[in-house]
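The residues making up each chain are set out below.
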Amino acid sequence: MNTFKLQIGTPDGLLFSGDVERVVCRSITGDLAILAGHANFCTALGMGEAHVVLPDGTRRNAACIGGMLSVMNGECHLLATTWEWQEDIDRARAEEAKARAEAKLNETGVSEKEYQIFRAKLQRALVRLGVH
Ligand code: ATP
């Protein structure tokens, strides 16, 4: 299968640089897969499960939470707000974050701002638990 160059970075630095067969992630308009030969392209990323398939067929799963993906002249750059490889996800932490967010969202008198913050926290926790 044809491969292409992919770089995955976050504000903390470069997490991946190499050839891949495919990268799959969630954009703000839905799930997308980039394969070799993709046209130049740019999109904002949403929150969701993601994966890359390496040239030997190995699949690496990750949680991808926001950012931007571009394809330019056959190379793909994915700059994520947060990208966590499956093996780096702390399941207990995500379960605690989920429980905290659910408890907060069930409280009465939560402000609109708090509601949005904890709804986003719940979504992040669910993505992490889905990947783990
Ligand atoms: P928490 O309440 O547990 O901090 P959160 O969703 O508010 O969860 P974020 O603000 O998305 O956390 O992330 C802060 C930092 O902590 C990021 O670097 C992120 O990669 C890391 N992080 C958060 N939760 C986990 C997790 N369950 N496993 C591994 N890293 C995590």
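Residues numbered from 1 in each chain as written. Predicted model: local features only at pLDDT ≥ 70, side-chain atom pairs only at ≥ 80, totals over all residues. Heavy atoms only, no water.

Trainee: For this particular structure, what's the right way to read the sheet that holds strand β4 (residues 30-35)?
Mentor: Strand pairing within a sheet occurs via backbone hydrogen bonds; the two strands may be parallel or antiparallel. Taken in spatial order, the 7 strands of this open sheet run β2-β1-β7-β6-β5-β3-β4, and their pairing is mixed. Looking at the sheet topology across the chains shown, the edges are occupied by β2 (13-20) and β4. The average undirected angle you get between the axes of adjacent strands in this sheet is 35°. Two elements, strand β1 (residues 4-10) and strand β7 (residues 75-85), share 4 bridges in a ladder whose sense is parallel. If you follow L6 over to β7, its bridge partner there is C76. In the packing of helix α2 (residues 112-131) onto the sheet, the strands contacted are β5 (41-53), β6 (59-72) and β7, and the crossing angle to β5 comes to about 40°. (Pairing = 2+ DSSP bridges. Helix = DSSP H or I, 4+ residues; strand = E, 2+ residues; numbered from the N terminus. Axes fitted to C-alpha atoms, helices over the stretch in contact; angles between N-to-C directions. Contact = heavy atoms within 4.5 Å.)

Trainee: How do you make sense of the nonpolar core when you look at a structure like this?
Mentor: Generally speaking, nonpolar side chains in soluble globular proteins are found buried as a group. Of all hydrophobic cores here, the largest spans 22 residues; its most connected members are L6, I8, V23, V52, L69, L78 and W83. Element by element, the count of residues in this core is highest for β7, at 5 residues. Those residues in contact with L6 that lie beyond four places of it in its chain are F16, S17, G18, V20, V23, V52 and C76. (Core = buried A, V, L, I, M, F, W, Y, C linked by side-chain atoms within 4.5 Å. Buried < 20%, exposed > 50% of the residue type's maximum accessible area, 1.4 Å probe, protein only.)

Trainee: Can you help me understand helix α1 (residues 91-106) in this one?
Mentor: Think of an α-helix as 3.6 residues a turn; residues three or four steps apart then line up on the same face. Here α1 contains 16 residues, and its C-alpha end-to-end distance of 23 Å stays within 8% of the 22 Å for a straight helix at 1.5 Å per residue. Considered for burial, the residues of α1 that qualify are A94, A97, A101 and K104. Projected down its long axis, α1 carries its buried residues within an arc of 90°, all on one side. On its buried face, α1 sits against α2. Its side-chain oxygen 3.2 Å from the backbone nitrogen of A92, D90 forms the N-cap of α1. (Expected span 1.5 Å × (residues − 1). Arc of directions from axis to C-beta. Polar contact = N/O pair within 3.5 Å; in protein donor to acceptor, adjacent residues only side chain to side chain.)

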